Amino acid sequence: MKKTTAVIKIKKTSKSKVVKPNLFKDVKSLIEKTKVQVAYNINSNLVILNWHIGKRIQEEILKNKRAEYGSQIVATLSQQLTEEYGQGYTKSTLTRMLVFTRYYTTQQKVATLSQQFSWSHIIEFLTIKDGIERSFYEQIAAIEKWGVRQLRERINSMLFQRTAISKKPKALIKQELKKQISNKEITNAELVFKDPYLLDFLGLKDTYSEKDMESCILNSLQKFIIELGSDFAFIARQKRIIIDSEDFRIDLLFYHRGLKRLIAIDLKLGKFKASYKGQMELYLRWLEKYEVREGENAPMGLILCAEKSEEHIELLQLEKSNIKVAEYLTALPPKKLLERKLHQAVISAQKKFNIKLK
């Protein structure tokens, strides 16, 4: 009997027809989201773990009241953990964990931090000894979603000391920071405006005009907005306004989302003069009449000058006109000099504030 062999033909199909583009896109999206979530969970657990390690070290130290005992414990534990787990548990790292526990005493607070920041962020916070100042950076970093590098730069530039709120009594600062937490955005002008503004990134030489400064700001707009604050949105340069058939121009016009206000910025090269107030008031009243939209607050003005005239500013009562005056620095001074200058400004402002309270 003759054998027959059946031949089955299999039709080849291209891979692109088997796996549809939408399927690949969806699965890829799931994988990427999961990767992010896993990294997020690892970071959150690491922050909490480090706090617990610091807490346990602190408990051990408290058992023995000798100061040198704490240093011995940390050094010995570091050696043991390094032998067991490798790098990551140096003496300095364990010391940071110990400081972490001392600065943040409740597990609830630590749990909140772990949802908002990486351990690298926490390390930057631990460099700040003052609790109110540290709280300021926590709130602003969370609202503006700062990366570690930006947080470090803000701390090094003494952002807290340059904001108006740092010149208020500590009780009022705490109260205002609590409001920002509930609002989840910066809604207080005293947290928005700074003095001085650091404009060293403009690269201005010894002699320059207001137009040169304006051009440099626009060329470095991203850096300028970082110095102003992330809620600032650029609207116009040399905004033309006409009053009684006469032309005027606002140097720079911004909008602040949190304050819900237009912000007019006037650039001045020399020392502040009383005449600047009338000029800015004119700009603000025009903006209020013709540019402010429904639901927005009255516009504010910022006069940036090379040097302030403190008594002029006080007597002119610029706050009542929604006008701020601040100095700018086109070259960074030594940090100690800046610290001294800002410290003197804080003391001076607090003395005036106490007089007002009385």
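Rules and cut-offs
Residues numbered from 1 in each chain as written. Predicted model: local features only at pLDDT ≥ 70, side-chain atom pairs only at ≥ 80, totals over all residues. Heavy atoms only, no water. Buried < 20%, exposed > 50% of the residue type's maximum accessible area, 1.4 Å probe, protein only. Helix = DSSP H or I, 4+ residues; strand = E, 2+ residues; numbered from the N terminus. Pairing = 2+ DSSP bridges. Right-handed = clockwise from strand over helix to strand, strands pointing away. pLDDT = per-residue confidence, 0-100. Contact = heavy atoms within 4.5 Å. Axes fitted to C-alpha atoms, helices over the stretch in contact; angles between N-to-C directions.

(A) Layout of the pairing of strand S6 (residues 323-329). Burial within S6 is extensive, with seven of its seven residues counted as buried. Alternating residues of S6 divide into Ile323, Val325, Glu327 and Leu329 and Lys324, Ala326 and Tyr328, and every residue in both groups is buried. Across two bridges, the pairing between strand S1 (residues 197-198) and S6 is parallel. Bridge assignment links Leu198 to a residue of S6, and that residue is Leu329. In this region the chain leaves strand S5 (residues 300-305), passes through helix H15 (residues 310-316) and returns to the parallel neighbour S6; the handedness of that crossover is right-handed.

(B) Representation of the confidence of the model for the protein within the structure. Averaged over every residue, the pLDDT of the protein is 83; the share at 70 or more is 84%. Across residues 1-8, where pLDDT falls below 50, the model places zero contacts with residues more than four positions away in sequence or in other chains.

(C) Spatial organisation of the sheet that holds S1. Across the sheet, which stays open at both edges, the six strands sit in the order S1-S6-S5-S4-S3-S2 with mixed pairing between neighbours. Of all strands in the sheet, those bounded by a partner on one side alone are S1 and strand S2 (232-243). Bridge count for S2 against strand S3 (residues 246-256) is ten bridges, and the pairing is antiparallel. What sits directly across from Phe232, in S3, is His256. Contacting S2, S3, strand S4 (261-267) and S6, helix H12 (residues 210-219) runs over the sheet at an angle of about 145 degrees to S2.

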